[in-house]
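# Descriptive analysis of the structure
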Amino acid sequence: MRVVLPKFKSLSKNKDVLKIEAPEYIYIPLIVGSDTDITILVKKEEYVFKGMVLGKTKGHFRIPIHSSVSGIVKDFVEKTYHDGTKVKCIKIENDFEERTQEPVLSRKDMSKLTKKEFISLLQEKGIVGMGGSGFPTYVKYDNDNINTLIVNAVECEPYITADNAIIHQKAQEILDTIDTIMEINNINEAFIAIKKNNQELKDVFDNFLGTFLKIKIILVPDIYPMGWERYLVKYIKHTTYKKLPIEKGIVVNNVSTIYAIYEALKKDKPLIERLITITGDIKNPVNINVKTGTTLEYILTKLQIEKKFIIAGGPMMGVNVPDLVVSPNLNCVIILDNYKETLSKTCLRCGKCVSACPTKLSPVLIKENLDDKEKIKELKANKCIECGLCSYICPAKINLREYVRKAKQIEKE
Amino acid sequence: MNAIKGPFFRSKNSTNKMMIHLLVALTPIILFSFYKYGIKPFYHSKTNFLGLIYPLIFILLSAATTFITETLYEVIVNKKRNEELRYVIYNHYSFFPGLFLALILPINTPLLILIMGGIFAILIGKMAFGGFGNNIFNPALIGYIFISTCYASVLSSSYLSAYEIDTLSSATPLSNAVEALNYTTLVKPYGSLFDFFIGNIPGSIGEVSSLLILVAFGYLAFNKVIKWRITITYLFTFFIMTTLISSLANLGMWYPFYHLFSGGLLFGSVFMATDPVTSPTTPIGQTLYGFFLGILTIIARFLTPYPEGVMTSILTMNMFVFILDGIGSKGRFNFFRAFIFFVIAWGLILELSIHIGSGLRTSPSDATDNKYNIISKETIADQTTYIATYEGYQSKLKAKIVIEANKVTTYEILEQNDSFYHMTSDVNYIDKLLKSNDLANVDTVSGATYTSNALKKLLLLTKEDYQKDNGKIIENNDNILDSPEIKNYELISEQIENNNYVYHVSSKGFSSNIVLKIVISANQIIGYEVLEQNDSYFNVIIANNYLDTLAINQNDIETVDVISGATYTSNALKNIFKGILGYHKEKYE
Ligand code: SF4
Ligand code: SF4
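Note that this is a predicted model, so its numbers are computed, not measured.

So, about the sheet that holds strand E10 (residues 189-195) of chain A. Residues and elements named next belong to chain A. In spatial order, the strands read E11-E10-E9-E12; together these four strands make up an open sheet with parallel pairing. Here the strands that pair on one side only, and so sit at the sheet edges, are strand E11 (215-220) and strand E12 (250-254). Ignoring which end each strand starts from, the neighbouring axes of this sheet average 25° apart. Here E10 runs beside E11; their pairing, made up of six bridges, is parallel. Directly across from alanine 193, in E11, lies its bridge partner isoleucine 218. Contacting E10 and E11, helix H4 (residues 199-209) crosses the sheet at an angle of about 170° to E11. Lying on the sheet, helix H5 (residues 229-237) is in contact with strand E9 (148-152), E10, E11 and E12; it crosses E9 at an angle near 125°.

What follows is the structure in structure tokens.
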């Protein structure tokens, strides 16, 4: 079943990107993706420059975390990450000097970089998937057989317009970067995936596209979750893979990530800023450019928005949080007036959740067999990508995703 | 603060909306039944005001029964009160089983039986399994099965509306589906396939109008209310099988359509088989479910004495839902795991169709002698008294046949319990048999084929038995008083209009007098008009354009064949045409 969701995108779409002043205190979350195993490289009361490495993940990916301001490390405190968990943050007192360790550079010809330099730049600058996963980007390119680059600009969840905004602003830079990446990695085709009903984004790209012959714009159907990697690869390349698209020589990058790569290649700038959408039942939904580590509270005060029911992320995959600090993979915050949990009723076994599931699970059967570990294994609950479609579609308003999550846990135990 | 779990976006669809869609889809069907069983008989003055609204009362009563039963059960047994009770009332849709039950029953089902069926449906079909969402079997069908096993005979004689009783002779078109395999006996008595399509045939209240059911299906599938895959695969399988069967048996394309539009197939496949709670949730499960429903229905219709088969097939498949869901959920990851079941299903579909189709061609009805049984035979002087039985439609017919001096003098049915027996006695079928000199070729009574055949065979086989020991039976030729051929006509009036002679002539047809206006000019019939008739088979006459045929061949009436299946009526018409022309010529020539 193809599910088309209502959009709510016009709320924040096509508005100028707002840049708000940096806050007095920044809280850099010590987490990359969901990895909280971080070596901390700074001490309390130490002076840090903007863009300085504050910590690194311990695993073999070694992703650095950078400071988004210059100032003095004050403390280590806990704040809420956008998945609702508490995470340790480095609290830095901003001196508003924006001082960097080295002078800001502007590399003239990005494509002169070797593949090795390219990969280590991505790693050093902490580039991670900005669509939500937070997966280290350099890992994707650390492969010699890449033949296709898919740039994901689908943004299939309702409300979110961050990618949209960055395309409007930086289409030229994005295309440049894609071209550079292709040259460095010897990739011969690239696709930018845009939703069919987002014709205006295609027009934006078309203005510049003339010189980039190997980059194609692909209009994908307006269904949810079209932005899911597997769907994109299937739709564009007509192929499937076991774990990662690189098995078939395909790299999928979010369009915001591409822009972060641009800044890293061109200006040696780490990932310390990003565009997020602030929307919902508020007077002036906007896209804003904020530093990582900014608290939501600060943003809301600046925008004069009352703090009510907060969703970090889109309405489908997002999480209800009390507050929040901005991390590189947060793309949207939705503020709702009051949200009441829908009462769930008796399952009438209509099978809609089954037809809707993009990973071909049978949520209703998983729910019915929660007490049977064997059955859950057979039903492959762990394949769930938590897109939430089953819960969305259920006429009895049963929150099936939670049941499937529970099943995943049971399966792990 | 406890975080609320997402997704924070839920579709606008709800169980309630789906149920409302379902009601909307059912409304035209209910209105049609109101028209067919209420308005139409009322309009033809066959019933009073109560009869007019009876269909609605019937349906409402049934819905109310299940609703009240379930509510009382929740109050008394589950001790639900206030909020809880309100929730159950608003969310468990307990009037639906009753509604469906009413629609799959014949209109003349006694109300008490209807109520009992409703109570049974809820208590056994729903509550015994733990209520809404947990029941394995479709509650309405549980109610139906209860009624049809306990009150089979009541049901089979309750199909005709007050209007139809006078015009049609057969209970439902399916009652002869396998026995008599020709268009004239199966379809003609009810008009044409078009009548089947729009619902102009006898049947259960909600099941007759194929057209409205298909419209409802379109509506429900469009709004994604029902599991449309089940309906499609069910009907597809059924249609493929009947088409194969009919082509193997050389029957022609009308046969699959006749089957498709008769009985509860369409209604069952659209409304009963897709009942969400009792059908598979996985697409593959639903597809297989449809295949096997089709297969089971074919088995029931062709290989068992129960011509209907839809409801029992659905109940049977209800039991396999969880297995099909198991196959369906695994088949989603790896279709190969479900593939074998598709192979099995299609193997069965082909094998059964071929088996049944070729069986029909060799006409199994001849190998029926073992149904005949002589219980006693007594000979005193030249009088032999036989007591013999023959397997009828639902019961054994037991008869006493006395042959005296090589002549049948008595033929009396001692015991029978056949629901269609009355149809044969209505037309004095036994008399007809006795008078016939070509017993083997006497027409059966349409609509009571099994029963009339049994009566015929009883006499025929008894005679054969007698002839083995004694001499040849003297046929009762001298007893033939009024063979239809020499039946007369009656002149009611004659007058001259514009130099034409206008006659009103009547003759006795099969079940009523037929009055025709005949216009003659220059010794030729130049016009006719049916003034009065109430003949059961008149539609066959019309369908065959028989009157035109007679008019065209008016100078050679003897050569015009009668229409088989409407012998009486066609003879009556022949008599009128021939008689009045003769009368006119004699008078004015
Ligand atoms: S969508 Fe909801 S009501 Fe339908 S089968 Fe799934 S859980 Fe049950
Ligand atoms: S949340 Fe999981 S189970 Fe539900 S539809 Fe998405 S992938 Fe399927």
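Now, onward.
Right, let's get into the sheet that holds strand E6 (residues 500-508) of chain B. All names here are of chain B. Strand order in the open sheet formed by four strands is E5-E6-E7-E8, with antiparallel pairing between adjacent strands. Because the sheet does not close on itself, it has two edges, and the strands there are strand E5 (489-497) and strand E8 (524-532). This sheet shows a mean twist of 20° between the axes of neighbouring strands, independent of strand direction. In this structure, E6 lies alongside strand E7 (residues 513-521), joined through eight bridges in antiparallel fashion. Note on E7: the bridge partner recorded for histidine 504 is lysine 517.

Another aspect to go through is the interface of chain B and chain A. Each partner contributes to the interface: chain B provides 36 residues, whereas chain A provides 49 residues. With both sides pooled, the region where chain B packs onto chain A buries about 3700 Å², and carbon together with sulfur makes up 59% of that total. Where chain B meets chain A, there are two salt bridges. The salt bridge partner of glutamate 378 of chain A is lysine 330 of chain B, with a shortest N-O separation of 3.2 Å. At the boundary of chain B and chain A, one finds 20 residue pairs in polar contact (both at pLDDT 80 or more). Looking at the side of chain B that touches chain A, the elements that each hand over two or more residues are helix H1 (15-43), helix H3 (82-91) and helix H17 (321-333) of chain B. Looking at the side of chain B that touches chain A, the element that brings in the most residues is H17 of chain B, giving six residues. Along the lines of polarity and charge, the residues of the side of chain B that touches chain A split into 15 nonpolar, 13 polar and eight charged.

Conventions adopted
Residues numbered from 1 in each chain as written. Chains lettered and ligands numbered in written order. Predicted model: local features only at pLDDT ≥ 70, side-chain atom pairs only at ≥ 80, totals over all residues. Heavy atoms only, no water. Pairing = 2+ DSSP bridges. Helix = DSSP H or I, 4+ residues; strand = E, 2+ residues; numbered from the N terminus. Axes fitted to C-alpha atoms, helices over the stretch in contact; angles between N-to-C directions. Contact = heavy atoms within 4.5 Å. Buried area = accessible area lost by both parts, 1.4 Å probe. Salt bridge = Lys/Arg side-chain N within 4 Å of Asp/Glu carboxyl O. Polar contact = N/O pair within 3.5 Å; in protein donor to acceptor, adjacent residues only side chain to side chain. Nonpolar A, V, L, I, M, F, W, Y, C, P; charged D, E, K, R; others polar.

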